[in-house]
Amino acid sequence: MLAVLRLNHRIGRDKRLSTHVALVARAFGADEIYYSGEYDGSLEQSVVKVVEKWGGSFRINYVSSWRSFLKTWQGKTVHLTMYGLPLKTVIDEIRNVFRSENLLVVVGGEKVDSDVYYAVDYNVAITSQPHSEAAALAVFLDWLYEGAELDRSFPDAVFAVVPSARGKKVIYRRSSAEADSDIRGYL
Ligand code: SAM
């Protein structure tokens, strides 16, 4: 099981980026996302709506204390930070660990508490340059899964894209129960 923890969400200022982090987590193979900071029902609704339309069992949950959440996490923890060890030097070890243990991937917001760096098992840099939590998460998951996440499909989806060289083709089913076999046929 792989989960993502997004730290210090702020209603209003972070809604768009936190939604992007959640969508990257879902599309690139995480099972669930947790977020700390401010509780945001609207953020949760946005993610739930995407899952209802595009399938799968991805979940979003709020945690009031990231400290106690990290302490009680059953598995290993990876914090993505430009100050960590280069991705290429640690990804094989982390992939091996993930074969037998749950993984929690932690991404920050505008400011990350220095305690986070000591509370995790790995601090991993996706380059040592500042960029974005969504980009860092996407690259990390892609390297972890070695590209296999790109082939993932969501058979229970109400909407499913038919890959096309041009234009937009989408299959629609009135409910996820009806989606199953036809969508499989296309993808
Ligand atoms: N200066 C902030 C700090 O305290 O780390 C960085 C904030 S950055 C806008 C938000 C998040 O994006 C970071 O907490 C980290 O999770 C992720 N991030 C940004 N650049 C990264 C990099 N080069 N490698 C890994 N993660 C990165």
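The coordinates are above.
Residues numbered from 1 in each chain as written. Predicted model: local features only at pLDDT ≥ 70, side-chain atom pairs only at ≥ 80, totals over all residues. Heavy atoms only, no water.

Draft legend 1. Region of interest: the overall build of the chain. Each helix and strand in the chain was counted, giving seven helices and eight strands. Computed over the C-alpha atoms, the radius of gyration of the chain is 17 Å, within 12% of the 16 Å expected from 2.2 N^0.38 for a compact globule of 187 residues. The principal-axis extent of the C-alpha atoms belonging to the chain is close to 50 × 35 × 30 Å. Residue burial in the chain is summarised as follows: out of 187 residues, 44% are buried. For the chain, contacts bridging at least 24 residues in sequence account for 81% of all contacts bridging at least 6. Accessible surface, the chain as shown: approximately 10,300 Å² in total, 51% of it carbon and sulfur. Across the chain, 23 positive and 23 negative side-chain charges occur, with their mean positions spaced 6 Å apart. (Helix = DSSP H or I, 4+ residues; strand = E, 2+ residues; numbered from the N terminus. Rg over C-alpha atoms; globule rule 2.2 N^0.38 Å. Buried < 20%, exposed > 50% of the residue type's maximum accessible area, 1.4 Å probe, protein only. Contact = heavy atoms within 4.5 Å. Areas by Shrake-Rupley, 256 points an atom, 1.4 Å probe, with all protein chains shown as cover. Lys, Arg positive; Asp, Glu negative; His and termini not counted. Charge placed at Lys NZ, Arg CZ, Asp CG, Glu CD.)

Draft legend 2. Inspection of unusual backbone geometry at higher detail. Residue N8 is not a glycine yet carries a positive backbone phi of 55 degrees. Positionally, N8 belongs in strand β1 (residues 2–9). Owing to a relative accessible area of 28%, N8 belongs among the partly exposed residues under this scheme. Unlike most non-glycine residues, T127 shows phi in positive territory, near 70 degrees. Tracing the backbone through its elements, the reader meets T127 in the loop between β6 (122–125) and α6 (133–145).

Shape descriptors only; they carry no functional weight alone.
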